[in-house]
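The primary structure of each chain is shown beneath.
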Amino acid sequence: MSKKTVFFTGGAGFIGLHVVPMLLERGYGVRIFDNMFRGDRDAIAKLAAAGDVELIDQDVRYGGAVHQAMKGCSHVIHFAAVSINKSQSDPYESMDINMIGNHNVFAAAADHGVERLVFASSASVYGDPEHLPMNEDDKLSPLTPYCISKRAGEDLLGFYQRRANLSWIALRFFNVYGPGQKTTAYYTSVINHFVNRLRNGEAPVIDGSGEQSMDFIHVHDIARSAVLALESEQANLPINIGTGIDTSIADLARILIDAVGADVEPIFNPRDVLVSRRAADVRRAQEILGFEPTIDVRTGMTDLIRTGG
Ligand SMILES: NC(=O)c1ccc[n+]([C@@H]2O[C@H](COP(=O)([O-])OP(=O)(O)OC[C@H]3O[C@@H](n4cnc5c(N)ncnc54)[C@H](O)[C@@H]3O)[C@@H](O)[C@H]2O)c1
């Protein structure tokens, strides 16, 4: 049997770099397709020196390049995207990369008859949830071009499934954090903000009562879910990947204060804030992927602080 190769868009980014070593460990070859806009060239060079990794420095906006580069690959992971904040400042670029890019990758995967495609969707497809936990069958109300492209991506996968039997899984990642994350990350920027203040001997400042919450999930667990999705028996559906636990901003501040070992109390800045809360319904991930998160927020955040992130 010939070796299985994963065509991996965005594989040089934050989450991708945690997935690649797991793929190598499982015996896959990895062909990273990344325009290196946010990719880490040194990290890729190290991986390529040690294992079967090649980098194609190209852009998902070019359908011909995607189609050509995917030749011979048995699996696809599609992570290349521009982020939510950039999608608000430049919707044109976001549509080009996230919508056209999605289509280029999915159409090529259908054409090459790959065994499985795993797509990085996002919890942001739900918009502001009406209740917790957020279930895959809940109403979707994506609010920004980024979120709209994630939702459209899921729908487009359904189209290529019906048309060409493409086998796919869309992973709706919740709030990913962990080593290697850029300090500009949108949803998790609150972590950096608190940590920076704590390191300067200042208390974290919380707007409102700190009830707003997120479902923080460690990048190591996110990476495991991508590998499980690549190999699961069941497919053709979206799956939440979170911990199921909503951590409030006030709790996060306390966890980080403990992790840094600072002798301060959070400052509450009385203000009306829109309280948004997030927590994934994790039952489908358990049933379909056998996925359980292994790193709880306190442990993950503490490690991040102690190792310098
Ligand atoms: N990090 C999170 O909290 C989070 C949450 C939900 C979903 N996601 C999704 O997971 C995926 C990976 O996220 P990440 O945090 O690793 O992001 P990242 O920005 O670190 O990685 C994205 C990678 O895609 C590459 N890329 C960007 N535009 C490209 C283009 N036009 N052509 C080819 N490559 C291009 C970048 O160079 C980068 O290496 C993304 O699709 C993201 O939307 C992330």
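Residues numbered from 1 in each chain as written. Predicted model: local features only at pLDDT ≥ 70, side-chain atom pairs only at ≥ 80, totals over all residues. Heavy atoms only, no water.

1. Topic: the overall build of the protein
Helix and strand counts for the protein come out as eleven helices and 13 strands. Taken over the C-alpha trace, the protein has a radius of gyration of 19 Å; the compact-globule value for 309 residues is 19 Å, and the two agree within 12%. Projected onto the principal axes, the alpha-carbon positions of the protein cover approximately 60 × 45 × 40 Å. Counting the 309 residues in the protein, one finds 53% classified as buried. Counting contacts in the protein only where the partners sit at least 6 residues apart, residues at least 24 apart contribute 80% of the total. Total accessible area on the protein stands at roughly 13800 Å², and carbon and sulfur atoms take up 48% of it. Of the side-chain charges in the protein, 29 are positive and 38 negative, and the distance between the mean point of each set is 4 Å. (Helix = DSSP H or I, 4+ residues; strand = E, 2+ residues; numbered from the N terminus. Rg over C-alpha atoms; globule rule 2.2 N^0.38 Å. Buried < 20%, exposed > 50% of the residue type's maximum accessible area, 1.4 Å probe, protein only. Contact = heavy atoms within 4.5 Å. Areas by Shrake-Rupley, 256 points an atom, 1.4 Å probe, with all protein chains shown as cover. Lys, Arg positive; Asp, Glu negative; His and termini not counted. Charge placed at Lys NZ, Arg CZ, Asp CG, Glu CD.)

2. Quick look at the pairing of strand β4 (residues 75–78)
Residues of β4 alternate between two faces, with His75 and Ile77 on one and Val76 and His78 on the opposite face, all of them buried. As paired strands, β4 and strand β5 (residues 116–122) are joined by four bridges and run parallel to one another. When the bridges of β5 are listed, His78 appears paired with Phe119. (Pairing = 2+ DSSP bridges.)

3. Some thoughts on the side chain of His78
The topology assignment puts His78 in strand β4. According to the relative accessible area criterion, His78 is buried, its value standing at 1%. Only 2.6 Å separates the side chain of His78 from the side chain of Thr9, close enough to count as a polar contact. (Polar contact = N/O pair within 3.5 Å; in protein donor to acceptor, adjacent residues only side chain to side chain.)

4. Description of the domain arrangement of the protein
As assigned here, the protein comprises domain 1 (5–175 + 219–241) and domain 2 (177–215 + 245–279 + 294–307). Listed per partner, the contact involves 19 residues of domain 1 and 19 residues of domain 2. Roughly 1800 Å² of surface becomes buried between domain 1 and domain 2 when both sides are summed, with 54% attributable to carbon and sulfur atoms. Considering only the surface of domain 1 that becomes buried against domain 2, Phe14, Arg38 and Asn175 emerge as the three largest contributors, covering 39% of it. Between the two partners, domain 1 and domain 2, sit one salt bridge. At the surface where domain 1 touches domain 2, the tally comes to six residue pairs in polar contact (both at pLDDT 80 or more). Contributions of two or more residues to the side of domain 1 that touches domain 2 are made by α4 (84–89) and α8 (219–231). Top element by residues in the side of domain 1 that touches domain 2 is α8. It accounts for four residues. The class makeup of the residues in the side of domain 1 that touches domain 2 is eight nonpolar, seven polar and four charged. (Domains from an automatic or database assignment. Buried area = accessible area lost by both parts, 1.4 Å probe. Salt bridge = Lys/Arg side-chain N within 4 Å of Asp/Glu carboxyl O. Nonpolar A, V, L, I, M, F, W, Y, C, P; charged D, E, K, R; others polar.)

5. Considerations on helix α11 (residues 297–307)
Restricting attention to buried positions, one finds in α11 the residues Val297, Gly300, Met301, Thr302, Leu304 and Ile305. Against the buried residues of α11 lie β7 (175–177), α7 (189–199), β10 (216–218), β12 (247–248) and α9 (249–260). Looking at the residues trailing α11, positive phi occurs at Gly308, about 80°.

6. Notes on the site of the ligand
Taken together, 27 residues form the shell around the ligand, and within it Ile15, Asp34, Arg38, Phe79 and Tyr146 come nearest. One of the side-chain nitrogen or oxygen atoms of Arg38 is found 2.7 Å away from an oxygen atom of the ligand. Gly39 is positioned with one of its backbone polar atoms (N or O) 3.3 Å from an oxygen atom of the ligand. Contact with the protein chains hides 93% of the accessible area of the ligand, taken as 820 Å² for the molecule alone. (Near = heavy atom within 4 Å.)

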